[in-house]
Amino acid sequence: MSAELITKFYEAFSRRDAEGMVACYADDVVFSDPVFTELRGIEAKNMWRMLCERGTDLKVVFRDVTSDGKKGSAHWDADYSFSLTGRQVHNVIDATFEFADGKIVRHKDVFDLWRWAGMALGAKGKLLGWAPPVQNAIRKQGMKGLSGWTKAHPEAR
């Protein structure tokens, strides 16, 4: 069942169907990745809503879905224009999941933030994307974007 849940999540993502994605999440889900280091519940759900809305040219391809019923994993690639710079990004992500009561309760995405910064931000990202101050600025900007999106979408609270 859990492998099917992961597949359902990514199939919805590939259609930019945020509501289909968040339906796979438990209400108290915990999500983390190199930019959004810990989002809980509605914050995690709203991150996907924001990304689906902004990702007008988003292409998602997933593979290698596995699950033992309690934990699972998948590999996925995302191609899109980064909304703040318009630069093309090809992000390569490995995801792990934990499940309870037929829902995803924990979701962790792992990718190379320096590599991402080089694509999304250009020369500054390529040269300095490894540096903690630059990575922290990326995280701060991500949270600012999510906060702004949430304020602009009161229906998503």
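Heads up: the structure comes first, above all this text.
Residues numbered from 1 in each chain as written. Predicted model: local features only at pLDDT ≥ 70, side-chain atom pairs only at ≥ 80, totals over all residues. Heavy atoms only, no water.

Caption draft 1: How the structure looks around the nonpolar core. Residues Y10, F13, W48, W76, I104 and W116 are the most contacted members of the largest nonpolar core, which totals 45 residues. Of all the elements, helix α1 (residues 2–14) adds the most residues to this core, at six residues. (Core = buried A, V, L, I, M, F, W, Y, C linked by side-chain atoms within 4.5 Å. Buried < 20%, exposed > 50% of the residue type's maximum accessible area, 1.4 Å probe, protein only. Helix = DSSP H or I, 4+ residues; strand = E, 2+ residues; numbered from the N terminus.)

Caption draft 2: Structural detail: helix α3 (residues 42–54). In a regular helix each residue adds 1.5 Å, so 13 residues correspond to 18 Å; α3 covers 18 Å between its end C-alpha atoms and thus fits that length. Every buried residue belonging to α3 is among A44, K45, N46, M47, W48, R49, M50 and C52, and all of these are buried. (Expected span 1.5 Å × (residues − 1).)

Caption draft 3: A look at the packing of α3 against helix α6 (residues 132–152). Contact pair α3 / α6: the axes reach a minimum separation of 10 Å and the direction vectors enclose 90°. Between α3 and α6, the angle falls in the class roughly perpendicular. Of the residues in α6, those touching α3 at E43, N46, M47, R49, M50, E53 and R54 are M143, G145, L146, W149 and T150. Grouping the amino acids of the contact of α3 with α6 by side-chain chemistry returns five nonpolar, three polar and four charged. (Axes fitted to C-alpha atoms, helices over the stretch in contact; angles between N-to-C directions. Parallel < 35°, antiparallel > 145°, perpendicular 65-115°, else oblique. Contact = heavy atoms within 4.5 Å. Nonpolar A, V, L, I, M, F, W, Y, C, P; charged D, E, K, R; others polar.)

Caption draft 4: The arrangement of the sheet that holds strand β4 (residues 71–81) in detail. On the basis of which strands lie adjacent, the open sheet formed by six strands has the order β2-β1-β6-β5-β4-β3 and mixed pairing. The sheet is open, and its two edges are formed by β2 (39–40) and β3 (59–67), each paired on a single side. In the sheet, β4 pairs with strand β5 (residues 88–100) via eleven bridges, with the strands oriented antiparallel. The partner of S81 across the bridge, within β5, is Q88. Packing against the sheet, α3 makes contact with β1 (25–32), β2, β4 and β6 (103–110), and its axis sits at approximately 75° to β1. (Pairing = 2+ DSSP bridges.)

Caption draft 5: Summary view of a nonpolar patch on the surface. On the surface, W114, L127, L128 and W130 cluster together into a nonpolar patch covering about 460 Å² of accessible area. Within the secondary structure, W114 sits in helix α4 (residues 113–121). On the basis of relative accessible area, W114 is assigned to the partly exposed category, the value being 40%. (Patch = residues over 30% accessible without salt bridge, like charges linked within 9 Å, V, L, I, M, F, W, Y side chains within 5 Å. Areas by Shrake-Rupley, 256 points an atom, 1.4 Å probe, with all protein chains shown as cover. Salt bridge = Lys/Arg side-chain N within 4 Å of Asp/Glu carboxyl O.)

Caption draft 6: Quick look at the pairing of β5. The alternating pattern of β5 places V89, N91, I93, A95, F97 and F99 on a buried face, while none of Q88, H90, V92, D94, T96, E98 and A100, on the opposite face, is buried. Taking the residues that link successive antiparallel strands as the turn, the β4-β5 hairpin has six residues, and the phi of G86 there is positive, at about 75°. Bridge count for β5 against β6 is seven bridges, and the pairing is antiparallel. When the sheet's bridge partners are listed, D94 is paired in β6 with V110. Two successive antiparallel strands, β5 and β6, enclose a turn made up of two residues, where D101 displays a positive phi of approximately 50°.

Caption draft 7: Broad picture of the environment of A74. Relative to the helices and strands, A74 resides in strand β4. Residues A74 and V61 lie 13 residues apart in sequence; the distance between their C-alpha atoms is 11 Å. With sequence-adjacent residues up to four places away left out, A74 is seen in contact with I6, Y10, R63, D64, V65, I93, D94, A95 and F97.

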